[in-house]
Amino acid sequence: KKYHVVVANPPYMGSKGMNERLLNFLKENYPEEKSDLFAAFITRSTKLTLRNGQLGLLTPFSWMFLSTYAKLRFFLLKNTSITSLVQLEFNAFEPAMVSVCAFTLQNNLNSKIKGAFINLSNFRGANNQAPKTLEAIKNQNCDWFYKTSSENFLKIPGCPIAYSIPENMLEMFSKSTVKSEGSVKQGLLTSNNEKFIRRWFEISLNEIGFNFTRDNARSSRLKWFPINKGGDFRRWYGNLEFVVDWQNDGEKLHKFIIKKYPYLKGNSGLVLKHTNPYFEEAVTWTDMSGSYFGTRIMPEGMLFEKGGSCAYNQNNYLLLGYFASKITTKLIKILSPTMHFQVGDVGNLPYLPEKINGSEGEIEKIVLKLINLTKNDWDSYETSWDFSKLPILSNDFHS
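Residues numbered from 1 in each chain as written. Predicted model: local features only at pLDDT ≥ 70, side-chain atom pairs only at ≥ 80, totals over all residues. Heavy atoms only, no water.

(A) Representation of the sheet that holds strand β8 (residues 197-199) in the model. Read across the open sheet, the four strands follow the order β8-β10-β9-β13; overall the sheet is mixed. Only two strands of the sheet have a single neighbouring strand rather than two, namely β8 and β13 (303-304). Note: strand β9 (residues 224-228) against strand β10 (residues 242-245), four bridges, orientation antiparallel. Each bridged residue has a counterpart across the sheet, and for Trp 224 the counterpart in β10 is Asp 245. (Pairing = 2+ DSSP bridges. Helix = DSSP H or I, 4+ residues; strand = E, 2+ residues; numbered from the N terminus.)

(B) Local environment of unusual backbone geometry. Positive phi is not limited to glycine here, since Asn 239 has a value of about 60°. Inspection of the secondary structure assignment puts Asn 239 in the loop between β9 and β10. The backbone of Asn 248 shows a phi angle near 55°, a positive value even though the residue is not glycine. Within the secondary structure, Asn 248 sits in helix α8 (residues 247-260).

(C) Region of the structure containing the packing of aromatic side chains. Considering all chains together, one arrives at 23 aromatic pairs under this definition. Centre to centre, the rings of Phe 117 and Tyr 163 are 5.2 Å apart; their planes meet at 15°, and the pair counts as stacked. With Phe 117 in strand β5 (residues 115-119) and Tyr 163 in the loop between β6 (145-148) and α5 (167-173), this residue pair connects regions lying 46 residues apart in the sequence. Across the pair, exposure class does not vary: Phe 117 and Tyr 163 are buried alike. Considering the side-chain rings of Trp 285 and Phe 323, the 6.5 Å spacing of their centres and the 90° angle between planes classify their relative orientation as edge-to-face. Of this pair, Trp 285 sits in strand β11 (residues 282-285) while Phe 323 sits in helix α10 (residues 316-323); the two residues are 38 residues apart in sequence, bridging distant segments of the chain. Residues Trp 285 and Phe 323 agree in their burial class; the two are buried. Members of the aromatic cluster, each reached through a chain of ring pairs, are Trp 285, Phe 293, Tyr 322, Phe 323 and Tyr 351. In this arrangement the basic side chain of Lys 195 is found over the ring face of Phe 196, its NZ or CZ atom lying 5.7 Å from the centre. (Phe/Tyr/Trp six-rings, centres within 6.5 Å; stacked < 30°, edge-to-face > 60°. Buried < 20%, exposed > 50% of the residue type's maximum accessible area, 1.4 Å probe, protein only. Lys NZ or Arg CZ within 6 Å of the ring centre and 35° of its normal.)

Everything listed here is a matter of coordinates, which is why it stays silent on function.
Encoded structure:
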């Protein structure tokens, strides 16, 4: 049967909570939505609705931007029009803390329709949600009301429902991105950090290979090499604390992964990311942060874990300056309004270095100065492997 109107609050269930029968059903019938039951219900609802019919759904808002749901977003944006969407605050339903949105669709693509979007993220608590929604409807000039066409989201790689991006900025995405101007790489997973990772001061310095190239590390007999794990929020330089067992290009890790995951059939590279340009300088960031985008330089001679993923560019200092700018802080929060800064979101950031108009040298100079300042700060503590002496003992502190 087909319906003029379909309204639903579908069940939410990740694949880990499904029994085998349900999991197999989703894999067979809804392969693009199999990660969560609510996503399959969204697609099913469009099939139940007449052309130009109306849909109203209450679901987690993770489908709006997570890479897992990129194909679902593409399907919706190609076949329906978002007529309204309210993104609720995490505490919208007391006492539960959930991430949900309420949205309506017209079951037909109509470029003339401009959807109304309301973002309640800054209004904490259940008591604020309805009043702030009504206020936005009455006063559409408020800071949390937006109006845009669903088609605009197709201009952004991955099609996130980034309704707060001004239309004049959308054109930036169609020109070049961080990943098109270089590369963005996810780090490795040891699958057993207790076995393969140590803090550098737990190991004899004679057993750690600092500042090695990959070839030199492979040919050396050393067991431990520096690895970037991300760490706390910090900009420009730092969070260099760990070493990993990477003897003979990670031979022990390779054997461990193959034994633990036999379904990989010997391809440990899926977990260890063997094709990554390890030991080369890169721009890295803290994967999880509740505040700003914590980006910094990762010096040569290091590997990196998933929590310290990296971006590579012909000019890493220029890229680092861009990552630390106000515009990136705004854009990354729009592309990924969670506490996680995923590789896909960082790679999709627009990047137009040609617009700098000859200021590259000045920007590099500023970035290098900031790197040196924060490096000196990091090295002033004994937890840094480049620590030499306390700053208070330096001649700079004596008259």
